[in-house]
Structure formats: structure tokens, C-alpha cells
Amino acid sequence: MTTSERKMLQTNRLDRIASNDKDIEIMVIACLLKSKEARDMISRIEEDDFYYLEHKKYFVMLNEYIKNNKDFDIYAVPNRTTALTSFYSRPDVLVSNFHLYLRRLKEISNIRKIEYMAHDISTNCQEGKNSIEIREKFLDSLSSIKPHDLKDIVNVGEAINDFDSILDYDFSKNVSTGFNALDRMIGGLQPSGLYAIAGVPAAGKTTFILNMIHNVLKDNKKVLFASFEMSYREVINRFVSMITGLSTVAMRGANRRTYTLEDKTLKTIAAAKEKIKKYDLNFIGKGGLSVSDIADRMKYLGGVQVLFVDYLQLIKSAGKTRYEQVTQISRDLKMLAMQFDIPVVVVASINRANMARPDKRPQLSDFRDSGNIEYDLDGAFLLYRPAQFKADANETEAELDIAKNRFGKSNVVMTMEWHPEIASFTNMEKRGF
């Protein structure tokens, strides 16, 4: 193979694998079309930050127009296309998240530059260039890749404004879990936050998340629940049990069984069903979905205020190893929470490290063999029921360890009562109260 043929092969291979994110490029352009604040930051963006040629063309055109027109109007942009208009109309673009989109765009751009350098280094090596010459050439090239956030440079005026935003924080945007003691510790579920409910199998994780979902629905929130282990019929059965106090098992076949107070029982169930009909609950029970697939359904529904997932390790991912898959899933869920500016609550499995410890309570470190979940989480709640490990323990006793709380105190243990027959956790309080 000749040198020119080898270069062509390498270039073609690089074009196929070069890092890019089409959605992020579109979102950045959409924010430039929608927001003056975004347009004020256009000097931070370069043509080469975009991978797709059509996006490069749109950026160059917009950049020129923005420089020469103080009063921006999308309908006056020269050579405006249908694509640009569709970008402008995308409902999932949040201009308040522009800095997140921009950060992602710049990071991918930097990675792509490094990929191109790696390709050029390989070509120079195969052509027999001097090693010191190659080193000096590419050290200079690497130094040209600049940090895109420059977070270490903060003007005091910006710092004061940021401090004021903390003082003026609107807690009404937070979503109550319905567990008052938990809300007092974490301030409720915060927009853009990622939360996990974890524990060993049969600890009651699904029951706990269903309690939380039910509480959120009673607060008139629009919820999307992606459950890969439970049918919508079972979810409704659990909700009816929570409302009526009737056993989930006893309700199976209730229409055909003979009750001492049969009419009253069926009327109670009917009243619960009427309450549930008023909930704005949307359910995904189909397995094999990725985080991107869930995001597509959120865009279709519109206005989702909280996303619940049961459970994280069943979400589809393209990672090669299980560690890579779970790491990517948790990172994607955090990005989704920020994109839609809503809380995301997931059930997560942990490894069996607790079985080798005298104290069987799960710990935050038990996440580690399942990817970097704990680093992406804003809140981690670990469930523990002593009766799973101690024969003489109270069957109803349960603990919830707030193992991570980005917005407050961590390692606080709440005590609860577990009632599996009515699918409920009750009487939560901080230990020691």
C-alpha cells in the first residue's frame, strides 16, 4: 500500500469515528436563534466546534448576521432555511441550559481535535519522521487546546449576583417526596437533580419509589414512570392498595370472591380507581429502551415534571463492559435531568459487598462495581431492612440512609415502617427524634 493510499484509508476511518453530538449542535444553534443572552456569548464559539457541514454553515451565517444587526430577528436571517426554523421551534430546547449545551459542544470539539492530532501523529510515525520532531510539533498543537469554561476566573460582580440568586432561590420549584422528614433533610427533589434509591434485592426499593410516585401524583405533578419490571396493572394495584389499605393479594379476584362486607370493599376500590384516573401518570413498560429513547417519549408528552425509572441497570446502553454501560447510563440520566430541568429518580442495584461485612447495611461505596453512579448522583438513598439478615428482627422495621445529599447533610439515617401487604412505607422520622 502506498503512502497516499494509507493516508486516505486513515482519513476515511477517522471521519467515521470522529466524536460529535448532532443534538447538542442543534441545541446551541437553536439557543442562538432564541436568546439574546446566548447571542452575547457567540464569541466563545468557533466554526470548528461544529462537526456537521450544514451546522458550520448556519453558524457562520448567524455569526455574521448577529455582528451586524443589534435587533435580531430570525425571519430576517439571510438564506434562512426550513431546518433553521425547525431548530427555533424545538420544544425541548431550554435557553436557560445554554451554558450546559455550550460546555458540551466545546468539550466534544476538543476531543475531536485530539482525535485528529492522534491521526496525524500515527501518519507521521509511519512516514518515518524523527521522534523528537514529532513530539515538539504535537506538544505545540496540544497546547492550543484551551479550557472552555475558565471557571477559575470569576469577577466579583458575577459572584455577588450568584450569591443573590442563592438568597432568592425559589423552593416552590422543588418537588415534595411526600415524606416530610425526608423533605426537611434534602429540601425536596430539586430540578436537574439525579436521585437513586438503592439496596439489596427485596429491600423494598420498588415499593419506596411507588410511594414517592403516588405522593408526587397527589400533588398534581405530571409524571413519567419507566418501569422495566412491573406492568401498569400491577402499578395501579399498588396505588389502590395505598389508598384503600387493602392487601394487594386480597384484591386479586375481588369481583368474584365473597366478602363479609363485599359491597363496601368493591365501593372502596371503585372510589380509589376514580382518584387514580385524575392522576397525570404516564407509563412506559417496554424493556430495551435507552436514555435517549426515554427522552424522545418525554419530548412527545411535553410538560413532564418528574421522571421515575425502575431500574437503572435495565436501561439499554452501547458500552462494551457492564461497568462502561452503567457509567454511561448514569451520566446520560444526569444530562437528561439538566436538559429538561426536572428531578430524575431511579431505582439502582448495588453489589454484594455488604454480605462480607459484619454490618449488612449498604454503603455508598457499594455502587462502585456498577459504574460511576455515585459521582453523578445529587442524592443517594440506601434502604435497609434488618429482618433480611437477622432472624429476630422486627419484620416491619426499615431504615433509609441519606448516603449522599449534594444540597445538604449526608449520612443521616431515617427510620420507617414497612408494610408490604399494602405496598407502603410509613412513619418516617430522623433517628434520635
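Residues numbered from 1 in each chain as written. Predicted model: local features only at pLDDT ≥ 70, side-chain atom pairs only at ≥ 80, totals over all residues. Heavy atoms only, no water.

K.L.:
Just give me the short version of the packing of helix α10 (residues 205-218) against helix α11 (residues 232-244), but keep the residues and values in it.
P.N.:
Where α10 contacts α11, the two axes come as close as 11 Å, and the packing angle between them is 70°. Taken as axis vectors, α10 and α11 run roughly perpendicular relative to one another. Residues Thr 207, Leu 210, Asn 211, Ile 213, His 214 and Leu 217 of α10 touch α11, and the partners they reach there are Val 235, Arg 238, Phe 239, Met 242 and Ile 243. Residue composition of the contact of α10 with α11, grouped by class: seven nonpolar, three polar and one charged. (Axes fitted to C-alpha atoms, helices over the stretch in contact; angles between N-to-C directions. Helix = DSSP H or I, 4+ residues; strand = E, 2+ residues; numbered from the N terminus. Parallel < 35°, antiparallel > 145°, perpendicular 65-115°, else oblique. Contact = heavy atoms within 4.5 Å. Nonpolar A, V, L, I, M, F, W, Y, C, P; charged D, E, K, R; others polar.)

K.L.:
With reference to specific residues and values, describe the pattern of salt bridges.
P.N.:
Scanning the entire structure with this criterion turns up 13 salt bridges. The residue Asp 21 makes a salt bridge to Arg 104 at a minimum N-O spacing of 3.6 Å. One end of the pair, Asp 21, is in the loop between α1 (3-17) and α2 (22-34); the other, Arg 104, is in helix α6 (residues 98-126), and 83 residues separate them in sequence. A salt bridge links Arg 238 to Glu 234, with the nearest nitrogen and oxygen atoms 3.2 Å apart. Taken together, the positions of Arg 238 and Glu 234, both in helix α11 and four residues apart, correspond to about one turn of that helix. Relative accessible area serves as the criterion here: at 17%, Arg 238 is assigned to the buried category. (Salt bridge = Lys/Arg side-chain N within 4 Å of Asp/Glu carboxyl O. Buried < 20%, exposed > 50% of the residue type's maximum accessible area, 1.4 Å probe, protein only.)

K.L.:
Just give me the short version of the side chain of Ser 330, but keep the residues and values in it.
P.N.:
Its location among the elements puts Ser 330 in helix α14 (residues 322-340). Residue Ser 330 is classed as buried on the basis of its relative accessible area of 0%. Every residue in contact with Ser 330, bar those within four places of it in the chain, is listed here: Leu 194, Leu 312, Asn 372, Ile 373 and Asp 376.

K.L.:
Give a description of the sheet that holds strand β2 (residues 223-227) that names residues and reports values.
P.N.:
Spatially, nine strands are ordered β3-β2-β4-β5-β1-β6-β7-β8-β9 in an open sheet, and the strand pairing comes out mixed. Pairing within the sheet leaves two strands with one partner each, and these edge strands are β3 (281-284) and β9 (424-430). Neighbour-to-neighbour, the strand axes of the sheet open up by a mean angle of 20°, direction not taken into account. Relative to β3, α11 is tilted by about 140°, and along the sheet it contacts β2, β3 and β9. Packed onto the sheet, α14 meets β1 (194-199), β4 (306-310) and β5 (344-349) and runs at close to 165° relative to β5. (Pairing = 2+ DSSP bridges.)

K.L.:
Provide a residue-level description of the environment of Thr 81, including the pertinent values.
P.N.:
On the secondary structure map, Thr 81 appears in the loop between α4 (53-68) and α5 (82-89). Spatially, the C-alpha atoms of Thr 81 and Tyr 58 are 9.2 Å apart, while their sequence positions differ by 23 residues.

K.L.:
Lay out the packing of aromatic side chains with the relevant residues and their values.
P.N.:
Aromatic ring pairs are described here by two measures, namely the spacing of the ring centres and the angle between the planes. Scanning the model with the defined rule gives ten aromatic pairs in all. On the numbers, 5.2 Å between centres and 90° between planes, the contact of Tyr 51 with Tyr 52 is edge-to-face. When its relative accessible area of 24% is taken as the criterion, Tyr 52 is described as partly exposed. Note on Phe 179 and Phe 208: the rings are 5.0 Å apart at their centroids and 5° apart in plane angle, and the pair reads as stacked. Note that Phe 179 is positioned in the loop between α8 (156-167) and α9 (180-186) and Phe 208 in helix α10, a separation of 29 residues in sequence. For the pair Phe 179 and Phe 208, one class covers both residues: buried. (Phe/Tyr/Trp six-rings, centres within 6.5 Å; stacked < 30°, edge-to-face > 60°.)

K.L.:
Quick rundown of α11? Include the residues and the values.
P.N.:
Spacing of three or four residues puts side chains on the same side of an α-helix, whose turn is 3.6 residues. Compared with the 18 Å implied by 1.5 Å per residue over 13 residues, the 18 Å span of α11 between its first and last C-alpha is a close match. The complete set of buried residues in α11 reads Glu 234, Val 235, Asn 237, Arg 238, Phe 239, Val 240, Ser 241 and Met 242. Backbone geometry just downstream of α11 places Gly 245 in the positive-phi region, at approximately 80°. (Expected span 1.5 Å × (residues − 1).)

Spatial relationships are all this shows, so hold off on functional conclusions.
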